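Chain and residue survey
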Amino acid sequence: MTTRRTVLAGSAAAATGAFLGAPAAQAHSSKPKPTVVLVHGAFADASGWNSVAGRLIRDGYPVIAPANPLRSVSADSAYLASVLATLSGPVVLAAHSYGGIVTTNAAAGNPNVKALVYVAAFVPDEGDTLLGLQTKYPGSRLNEAALDFRPYGEGLVDGYIKQAVFRDVFAGDVPAATAGLMWAGQRPADARTLGEPSGAPAWRTIPSWYLVARNDQVLPAAAQRFMAQRAGAQVREVAASHVAMISQPGVTVELIKRAAR
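The sections below set out a description of the structure shown in this document. Keep in mind it's a predicted model, so treat the numbers as computed, not measured.

Criteria and thresholds
- Residues numbered from 1 in each chain as written.
- Predicted model: local features only at pLDDT ≥ 70, side-chain atom pairs only at ≥ 80, totals over all residues.
- Heavy atoms only, no water.
- Pairing = 2+ DSSP bridges.
- Helix = DSSP H or I, 4+ residues; strand = E, 2+ residues; numbered from the N terminus.
- Contact = heavy atoms within 4.5 Å.
- Axes fitted to C-alpha atoms, helices over the stretch in contact; angles between N-to-C directions.
- Salt bridge = Lys/Arg side-chain N within 4 Å of Asp/Glu carboxyl O.
- Buried < 20%, exposed > 50% of the residue type's maximum accessible area, 1.4 Å probe, protein only.
- Core = buried A, V, L, I, M, F, W, Y, C linked by side-chain atoms within 4.5 Å.
- Parallel < 35°, antiparallel > 145°, perpendicular 65-115°, else oblique.
- Left-handed = near helix turned anticlockwise from the far one by under 90°.
- Nonpolar A, V, L, I, M, F, W, Y, C, P; charged D, E, K, R; others polar.

With respect to the sheet that holds strand β9 (residues 234-238)
- With parallel pairing, 6 strands are arranged side by side in an open sheet as β2-β1-β3-β4-β8-β9. Two strands close off the open sheet at either side, each with one partner strand: β2 (63-64) and β9.
- With 4 bridges joining them, strand β4 (residues 113-119) and strand β8 (residues 208-213) adopt parallel strand pairing. Paired with V119 across the strands is L211, a residue of β8.
- Here helix α5 (residues 99-106) sits on the sheet in contact with β1 (35-39), β3 (91-96) and β4, set at roughly 150 degrees to β3.
- Contacts between helix α11 (residues 249-260) and the sheet are confined to β1, β3, β4, β8 and β9, with β8 contributing the most and set at about 165 degrees to the helix.

Re the pattern of salt bridges
- Counted by the stated rule, this structure contains 9 salt bridges.
- Where K257 meets D59, a salt bridge forms, and the shortest distance between an N and an O atom there is 2.3 Å. One end of the pair, K257, is in helix α11; the other, D59, is in the loop between α3 (50-58) and β2, and 198 residues separate them in sequence.
- K257 sits in the partly exposed class, given a relative accessible area of 25%.
- For R225, the salt bridge identified is with E237, shortest N-O distance 2.7 Å. Remark: E237 occurs in strand β9 and R225 occurs in helix α9 (residues 221-230); sequence separation between them is 12 residues.
- Look at R225 and you get partly exposed, because its relative accessible area is 36%.

Quick notes on the nonpolar core
- Counting residues in hydrophobic clusters, the biggest one holds 83 residues, and the most contacted among them are L38 and L93.
- What L93 contacts, discounting residues up to four positions off in sequence, is V37, V39, L80, L84, T103, A107, V113, A115, L116 and V117.

Some thoughts on the environment of V36
- One can find V36 in strand β1.
- Accessibility expressed as a relative area gives 0% for V36, which makes it buried.
- Considered as a pair, V36 and I57 are 21 residues apart in the sequence and their alpha carbons are 9.5 Å apart.
- Residue contacts for V36: discarding those within four places in its chain leaves L56, Y61, P62, V63, I64, V92 and I256.

Points about the packing of α3 against α11
- Where α3 meets α11, the axes come as close as 9 Å, and the angle between the chain directions of the two elements is 50 degrees. Judged by the angle between their axes, α3 and α11 are oblique. Relative to α11, α3 is oriented so that their crossing is right-handed. Counting all contacts with α3, which are made through S51, V52, R55 and L56, the residues of α11 involved are P249, G250, T252, V253, I256 and K257.
- Looking at the contact of α3 with α11 residue by residue, the classes come out as 5 nonpolar, 3 polar and 2 charged.

So, in structure tokens, the structure goes:
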């Protein structure tokens, strides 16, 4: 019978490009590999992991890239934790941007999570907020002027990056046509997430790795280095924009594989 894990893996493969031949590659692996869970951030969806997911699947790693709801830190973390609870065996969690605060909370207390990988991502300590970490050091260009705010529901507001600044701020090292599609399909984040405090961090008990994007215009490299050092992460740096997993998928995959050993 089809298991819940198989359903999740199949759905994620479809969402990330339905890479043909992946099941065969995984079946022929001589050594079981951990499941790699790829968590996207705000203003994005799981397709941002396509190149990374494709490489990992071809190398025999089970991969899922669940949808991050982007509604609140607590709700998104609870949702991801529920996904992780369906997986058996070792798990490596890789997160981008806002996904970092979600994985930091969702992985806490889960014995199957063996490693955390942060890609230009937020790595909060307990009580930290996204806005506090983003503005701890100068250099972020993702400010109120760069966002369009659209109300939804009753008294709720979503934020989108404006088209005029999307590529420069978010994805400066990807082709203009690609950045245009990313802008058109961006998923908004509830503005409340900026000030919501994080809970007890999983990185206190789980080893972590960090890919610093030196040219990041969203989360300054200085803030990334600070968070990585505080978490005791093994650090790699790359000349990349905020979307390092898109512009530098090979480096990203290498770091994930290192964490998965």
